[in-house]
Amino acid sequence: MDPGSVRGRPAQVWRFRKGPRGRRQAIDRASQGHPKGASARPPDPSEQTASSPLPTEGRPDPDPSSQHSPFTLSAKACPRSVVETPMSRPVRLATCNLNQWALDFEGNLKRIRESIQQAKALGAKYRVGPELEIPGYGCEDHFFELDTVLHSWECLAELLRGDDTVGILCDVGMPVVHNGVQYNCRVFLLNRRVLLIRPKMAMANDGNYREARYFSAWKRPCTLEEHALPACVAAAAEGGQADAPFGDAVLQLSDARLAAETCEELFTPRSPHIDMALAGVEIFSNGSGSHHQLRKLNQRLDLIRGATSKAGGVYMYANQRGCDGGRLYFDGCACIVINGELVAQGAQFGLLDVEVVAATVDLDEVLSHRNAVSSLREQASAAPPMPCVRVAFALAAHNMHGGVGGGADGAAAPLSAPLPPRLHCPEEEIAFGPACWLWDYLRRSGASGFLLPLSGGADSSSTAAIVGAMCQLVVEHIAHGSETVLEDARRVGQYGVDERVDDAQELANRIFVTAYMGSVNSSRETRERSQQLAAEVGSYHIGLQIDSVCDALVALFQRITGKTPRFRVDGGTPAENLALQNIQARIRMVVAFLLAQLTPWARGRSGFLLVLGSANVDECLRGYMTKYDCSSADINPIGGISKQDLRRFLRWGAQHLGYPELARVEGAPPTAELEPLRAGTPPQTDEADMGMTYDELSVFGRLRKVYRCGPVSMLARCLRLWGGSQSPAAVLAKVKHFFTYYAINRHKTTVLTPSYHAENYSPDDNRFDHRQFLYNIFWPWQYRKMEEMASAAAAPHVEQSGDTLAGTGPGTGTGSGQRKARGTGPAAHAMAASGKMSDGGML
């Protein structure tokens, strides 16, 4: 292969120069065939700004036939080496967390501009932003609308029209339609010019992501093409720039070489940064749109650090942070890593719309790191060159102190020291992630607060604690001087001009209403727990009884049919018992929405309240909820969190959030309190109703989704997990019980309240867990195979293997009463008619 080609195609170089009438154009300037091992000529110091034309001495003028275009392709290889410096190459770099909102072009542009100004104030010469930051990552099917692409270009034109890109290299994310195909792109801007459009080469298309639905991957690596810029961009760009390079390339600056990869490309088995590193790229940027998931951040940081510890380099990671209009919370944590060491890290959670983090790093440390590894040198010496766009712009202003300008005062910034990663424990993640998501949803929805049916059980109490944590975060950010948070808090809380927002409990009283909706079946303990927790959080608390409404509905049924339904303890059938419980649960949903609409009016306030649901991920999976009960709400902050994690959060919150009543809630027996107590009859409990413990349910959930187990493979795994403590017949019964009721209740997932996504075994039917909702609940083929497997395992008895899953012991989860799962639908009736409701009909 010709050494000047890449994978059979010529490597390409784009150069900038001044064209006729002051128009900046690209000229054909390659390495001019430097002998092997020789370096390209270092640019003259006078050329170290982007506004200066590159020297043309000894080089031919552009072909006159190409004068219509500001860019010309070169068929020569881009030189591997960069400018040599006698000492070090300290550079100041900036990345950011942005709280973007899908289709909020006005607000998104404002936040991008603010991040650029902050980066400039920190002395940075290169700023990286999140993935698709101009339109917002969560536009989903709006990406099919050409309006979204057009408005993105219009916003980019505004960046070029102002001074935003003057003196700083800006890396922004937006959709681009190239040759009739839409790509997810990074766009590099400098001094009112578009330097390069780099399309994403690996789509995120699993779990919550559907990028291949809207975008195509760029499938021509190491290839550059011309892209005609829209008229609005050409009019705003310097000199009326009409075209820009489009494709997979690197930027060759005067003193550094950098390139971009986007989000999913970091997670792929063959990440682009490997080939980039071997091609001499020193700075890698990653504009990402990565959501929060419990215990996920350490994996992301490990990948980022690993990206540069093996091959050397500086990795700049940017992310969105906040709710951009959907179920996901993007959890920020923008960071900068050099040679595997973290030197800057932004917050994972927070209420600031813009957070910029900067670091000063020495690029010669990258060179030293790479030269010290023989195998890396050998692979790099054989690696093909990559096409590049050469730009006369320096990231560093060298000085004798080994630093670079640190801000407006011109003071030198020392090299950034390595930092230990900041990781939250899962309990903190539960407190702060959903809290920030709720605040974004509240302030952007136009609502004046939340309403929560607070039963005194674990789930609703966890939700109340999260809202309390949200109020604490708001007050804390205001105390630290956040004007945006203060403005939003004044508006939502309806504070007077002279009133201070400095007390979390007072804020909660203004924007958070809790309601204990008791019945004759409710206990004094749950009523007291609800009232005490409300007082600790500071909510406006309402206590009421729903018996009169339930009795009216039963009386209506009596008049219609002449029949009087009875509870199970009074001799009623499973169908009667279930219907009487569901009446209570559904009445609470109706009352909750009534209070949400009218409580602000009754208190002399304006607006409406958003109803919060509180069904956890395990109960959603099992279907242990009444369809259209209090689990039916506007949004649910704990719908993606397991009962095990919620119990740990309650213990943590009692100590760290200042709500000691949470400890009492966690220690209470789990009960729905929907059936009456009679002498000699054991009280109703959630786990008895479900026929399994919460710990077992969590195991089933992970096996079903994370480990992709159907009934037969799940039994095989459970026999290994529990075979040492339970008989094969017992394990078989548990797995069959789970799949039977999973099949009966799957229809409920189609109407689940939109929930904060926190677990990778969420049953959310909308986008994360696509499955049918009408099953053959008897699983005849599968259950027959399972019975054969259990019989074979019974003799000899299967020994327990080394397989482990979290939460395989006996469960003692605490329930959040007043709304627990009662089955409805044809499958439930079929089970009742066939006598299969051995757990008393708790569907």
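Residues numbered from 1 in each chain as written. Predicted model: local features only at pLDDT ≥ 70, side-chain atom pairs only at ≥ 80, totals over all residues. Heavy atoms only, no water.

Trainee: Break down the overall build of the protein chain for me, citing the residues and quoting the values.
Mentor: What the protein chain contains, in helices and strands, is 25 helices and 27 strands. Counting only residues that meet the buried cut, the protein chain has 61% of its 843 residues in that class. Taking the intrachain contacts of the protein chain between residues at least 6 apart in sequence as the baseline, contacts between residues at least 24 apart amount to 76%. Here the protein chain has roughly 31,500 Å² of accessible surface; of this, 55% comes from carbon and sulfur atoms. (Helix = DSSP H or I, 4+ residues; strand = E, 2+ residues; numbered from the N terminus. Buried < 20%, exposed > 50% of the residue type's maximum accessible area, 1.4 Å probe, protein only. Contact = heavy atoms within 4.5 Å. Areas by Shrake-Rupley, 256 points an atom, 1.4 Å probe, with all protein chains shown as cover.)

Trainee: Before we move on, could you go through the pairing of strand β19 (residues 341-345) and cite the residues and values that matter?
Mentor: Within β19, four of the five residues are buried, leaving the element largely enclosed by the surrounding structure. Sheet topology places strand β18 (residues 335-338) next to β19; four bridges connect them, and they run antiparallel. Paired with C335 across the strands is Q345, a residue of β19. In this antiparallel pair of consecutive strands, β18 and β19, the connection spans two residues, and N339 shows a positive phi of 50 degrees. (Pairing = 2+ DSSP bridges.)

Trainee: So, unusual backbone geometry: which residues are in play, and what are the values?
Mentor: The backbone phi angle of C222 is positive, close to 60 degrees, even though this residue is not glycine. With respect to the element layout, C222 can be found in the loop between α3 (211-214) and β11 (224-228). In this structure, R708 is a non-glycine residue whose phi angle is positive, near 55 degrees. Here R708 lies in the loop between α21 (694-705) and α22 (711-722). Since its relative accessible area comes to 68%, R708 is described here as exposed.

Trainee: With reference to specific residues and values, describe the packing of helix α23 (residues 728-745) against helix α24 (residues 780-794).
Mentor: Taken N-terminus to C-terminus, the directions of α23 and α24 make an angle of 160 degrees; their axes are 9 Å apart at the nearest point. In this view, α23 runs roughly antiparallel relative to α24, as classed from their interaxial angle. Crossing hand, α23 versus α24: right-handed. Where α23 approaches α24, its residues P728, L732, V735, K736, F739 and T740 are matched on the opposing element by Y783, M786, E787, A790, A793 and A794. Among the residues making up the contact of α23 with α24, the classes are represented as nine nonpolar, one polar and two charged. (Axes fitted to C-alpha atoms, helices over the stretch in contact; angles between N-to-C directions. Parallel < 35°, antiparallel > 145°, perpendicular 65-115°, else oblique. Left-handed = near helix turned anticlockwise from the far one by under 90°. Nonpolar A, V, L, I, M, F, W, Y, C, P; charged D, E, K, R; others polar.)

Trainee: Could you give me a rundown of the side chain of S522, with the residues and numbers involved?
Mentor: Relative to the helices and strands, S522 resides in the loop between β25 (512-518) and α14 (524-537). A distance of 2.9 Å separates the side chain of S522 from the backbone nitrogen of S519, its partner in a polar contact. (Polar contact = N/O pair within 3.5 Å; in protein donor to acceptor, adjacent residues only side chain to side chain.)

Trainee: Go over the nonpolar core, please, and point to the residues and values.
Mentor: In summary, soluble globular proteins display a tendency toward joint burial of nonpolar side chains. Grouped together as the largest cluster of nonpolar side chains are 60 residues, with contacts concentrated most on L438, F450 and M470. Elements with a contribution of two residues or more to this core: α10 (426-445), β24 (450-453), α11 (458-479), α12 (483-493), α13 (504-511), α14, α18 (643-656) and α19 (661-666). Per-element tally for this core: the top contributor is α11, with 12 residues. (Core = buried A, V, L, I, M, F, W, Y, C linked by side-chain atoms within 4.5 Å.)

Trainee: So, a nonpolar patch on the surface: which residues are in play, and what are the values?
Mentor: A grouping of V549, L553, L556 and I560 is seen on the molecular surface, where their side chains present a nonpolar patch of about 340 Å² in accessible area. Turning to its location among the elements, I560 is positioned in helix α15 (residues 547-561). A relative accessible area of 62% places I560 in the exposed class. (Patch = residues over 30% accessible without salt bridge, like charges linked within 9 Å, V, L, I, M, F, W, Y side chains within 5 Å. Salt bridge = Lys/Arg side-chain N within 4 Å of Asp/Glu carboxyl O.)

Trainee: How would you summarise the environment of N616 if you had to cite specific residues and measurements?
Mentor: Relative to the helices and strands, N616 is located in the loop between β27 (610-611) and α17 (617-622). As for N616 and I638, which are separated by 22 residues in sequence, their C-alpha atoms are 5.6 Å apart. Ignoring any residue separated from it by four or fewer positions in sequence, one finds N616 in contact with D459, I638, G639, I641, K643 and L646. A distance of 2.9 Å separates a polar atom in the side chain of N616 from the backbone nitrogen of D618.

Trainee: Could you give an account of α12, with specific residues and numbers?
Mentor: If you check which residues of α12 are buried, you get V485, L486, D488, A489, V492 and G493. Buried residues of α12, seen end-on, are gathered within an arc of 165 degrees and therefore sit on one face of the element. More than 90 degrees from the buried face of α12, the exposed residues found are E483 and E487. Structurally, α12 contributes buried residues whose contacts are with α10, α11 and α13. (Arc of directions from axis to C-beta.)

Trainee: Report on the packing of α21 against α23, specifying residues and quantitative values.
Mentor: For any two helices packed against each other, the geometry is given by the interaxial angle and the distance between the axes. Two numbers describe how α21 lies on α23: the axes approach to 11 Å, and their chain directions differ by 70 degrees. It follows from the interaxial angle that α21 and α23 lie roughly perpendicular. For the pair formed by α21 and α23, the contact residues are E696, L697, F700 and R704 on the first element and K734, V735, F738 and Y742 on the second. Of the residues belonging to the contact of α21 with α23, the class tally is five nonpolar, no polar and three charged.

Trainee: Tell me about the pattern of salt bridges, and please be specific about residues and values.
Mentor: This structure, assessed with the given rule, holds 42 salt bridges. D275 is paired through a salt bridge with R270; the nearest N and O atoms lie 3.6 Å apart. For D275, a relative accessible area of 29% corresponds to the partly exposed category. Overall, the relative accessible area of 62% leaves R270 in the exposed class. The salt bridge involving R647 is made with E666; its shortest N-O contact spans 3.2 Å.

Trainee: Before we move on, could you go through the pairing of strand β9 (residues 181-190) and cite the residues and values that matter?
Mentor: In terms of residue burial, β9 counts as a mostly covered element, since nine of its 10 residues are buried. When strand β8 (residues 169-178) meets β9, the two strands line up antiparallel, connected through nine bridges. Bridge assignment links M174 to a residue of β9, and that residue is C185. Connecting the antiparallel pair β8 and β9 is a turn made up of two residues, with N179 showing a positive phi of about 50 degrees. In terms of strand pairing, β9 meets strand β10 (residues 193-199) through six bridges, oriented antiparallel. Opposite F188, over in β10, you have L196 as the bridge partner. Between β9 and β10, which follow one another and run antiparallel, lie two residues, and N191 among them has a positive phi close to 50 degrees.

Trainee: I'd love a proper account of the state of the cysteines, names of residues and values included.
Mentor: A full pass over the atoms with the stated rule returns zero disulfides. Here C333 is not disulfide-linked; the sulfur of C335 is the nearest cysteine sulfur, at 5.4 Å. In this structure C333 comes out as buried when scored by relative accessible area, which is 2%. (Disulfide = S-S within 2.5 Å.)

Trainee: Help me get a handle on the packing of aromatic side chains, residues and values and all.
Mentor: The description of an aromatic ring pair rests on the distance of the ring centres and on the angle between the ring planes. The final tally for this structure, using the stated rule, is 24 aromatic pairs. An aromatic cluster is defined as three or more aromatic residues linked by ring pairs; in this entry it consists of F700, W722, F738, F739, Y742, Y775 and W779. Of note, K643 hangs over the ring of Y694, and the distance from its end group to the ring centre comes to 4.7 Å. Looking at R784, its charged tip hangs above the ring of W781, at a distance of 5.0 Å from the centre. (Phe/Tyr/Trp six-rings, centres within 6.5 Å; stacked < 30°, edge-to-face > 60°. Lys NZ or Arg CZ within 6 Å of the ring centre and 35° of its normal.)

Trainee: I'd like to hear about the sheet that holds β24, residue by residue, with values.
Mentor: Either a parallel or an antiparallel arrangement is found when strands of a sheet pair, and the pairing is made through backbone hydrogen bonds. Ordered by their spatial adjacency, four strands build an open sheet running β26-β25-β24-β27, and the pairing between neighbours is parallel. The sheet terminates laterally at β26 (540-545) and β27, the two strands that pair on one side only. The sheet contact formed by β24 and β27 spans two bridges and is parallel. When the sheet's bridge partners are listed, F450 is paired in β27 with L610.

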